Amino acid sequence: MSLPLQQNEESSVLPESESKTNNVIKNVLYTILICLSFYSAWWIFTHGQQWVDFWRYRFYSPPAEVVAIADKVEMTDEARYIFYVSDPAVETADDFNSHCSGLEGEQTAVLGCYRLQKIFLYDVTDPRLYGIKEVTAAHEMLHAVYERLPLDEKLQVNKLIQEELPKIQDEHVKELAELYGKDGLDVLWNEMHSVLGSEFRSLSPELEQHYAKYFKDRSKVVTLSESYQSVFKASKARLSDYDRQLNDIKVAIDADYAEIDSRINTINAESSRLNNLRATDPEAYNLAVPSYNALVQGYNALVVETRGLIDRYNALVEARNSEAATQNSLYNSLNSHYEPIQ
């Protein structure tokens, strides 16, 4: 039985022109894909923060206390937006310490922090320090602003701050600039951007124009800052005055003690002389008695005066200690690690 012959299949061959067209299409598609990848990476790099902020804001509902803080310092819509997307939280000591302890670059008492794009505020409740929470919120909001500045604008702001600092005569600002400068220029410009914007009244027109994007009336937040800072300044001034008075009185008391010792020696010597005169020359004794009595009266008057100075000194010590306790209580109200003795 014969088998049918098996024919070999031949593969189809595309025309050369059609093959080249397919290769061109593939190359174009590959190029487009590469371009899209680069564009996506560029867009995420340049607009990713905006996209993140958009979705944070969309699902954020600010608590009444947070709204009140933004109202108090008169944040603009742009500032309020950045403040809200930073999910600000007003916290008591334990929660605040867990979020804000051990921050790099912090050189002063920590009342707030901006960490992982979130704002945390220590809940200072001392009525004598009214406004400190709001000023701290403005300070931290400006950190969030600074982080989001485009590079060219950030460099321009840094330049403006660098030009402004030498003009400032305020010792508080000078001390802060020196402290933050030790941690590098990046920390210095970032921190001074917040300090100047929330605490310092007179700035260059260019900086005022920059901050006007974030405060409807920046003088309001500066006034709050000056208000609570004046409490500390007044207390320090009172302590300084007490110390000056105590030093002056102590100098006077020491001088009186030296004079008292000298007069005692004079009186003792005159008493011995009078005792001899009374036995040997009664007439001379009688003539010397009035001057001796005058010495004793002067001595007694000096003792009374010195006792008055001592009483005044002790009263001032008590007042100074009371003022020191008041100042300590102010500082302790800012110390989230402070634990009063029970």
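Here goes a summary of the coordinates provided. Each chain carries its own residue numbering, running from 1 in the direction its sequence is written. Thresholds applied to this predicted model are a pLDDT of at least 70 for local features of residues and 80 or more for the giving and counting of side-chain atom pairs; totals over whole chains, interfaces and linings are not thresholded and use all residues. To get the side-chain values, take all heavy atoms of the structure and skip hydrogens and water.

### Describing the pairing of strand β3 (residues 118–122)
Whether a residue is buried, partly exposed or exposed follows from its accessible area with a 1.4 Å probe, protein chains only, as a fraction of its type maximum: under 20%, in between, or over 50%, in that order. By definition, any uninterrupted DSSP run of H or I lasting at least four residues is a helix, any uninterrupted run of E lasting at least two residues is a strand, and each is numbered from the N terminus. Along β3, four of the five residues are buried, which leaves the element largely enclosed by surrounding structure. At least two DSSP bridges between two strands are required for those strands to pair. Where strand β1 (residues 89–91) lies against β3, three bridges are found, and the strand directions are parallel. By the bridge assignment, Ala89 is partnered in β3 with Phe120. Note: strand β2 (residues 112–115) against β3, four bridges, orientation antiparallel. Each bridged residue has a counterpart across the sheet, and for Cys113 the counterpart in β3 is Phe120. From the end of β2 to the start of β3, which pair antiparallel, there are two residues, and Leu116 there has a positive phi angle of about 55°.

### Some remarks on the sheet that holds β1
Backbone-to-backbone hydrogen bonds pair the strands of a sheet. The strands run either parallel or antiparallel. The three strands are arranged β1-β3-β2 in an open sheet whose pairing can be described as mixed. Edge positions in the sheet fall to β1 and β2, since each has one partner strand and no second. Looking at each pair of strands side by side, their axes are set apart by 25° on average, direction ignored. Where helices are involved, their axes are fitted lines through C-alpha atoms of the stretch in contact, as for all axes, and angles between N-to-C directions lie from 0 to 180°.

### Concerning helix α5 (residues 132–148)
Given a rise of 1.5 Å per residue, 17 residues ought to cover 24 Å, and the 25 Å separating the end C-alpha atoms of α5 matches this to within 8%. Here α5 lies mainly inside the structure; 16 of its 17 residues are buried. Helices are assigned an expected span. That span is 1.5 Å times one less than the residue count.

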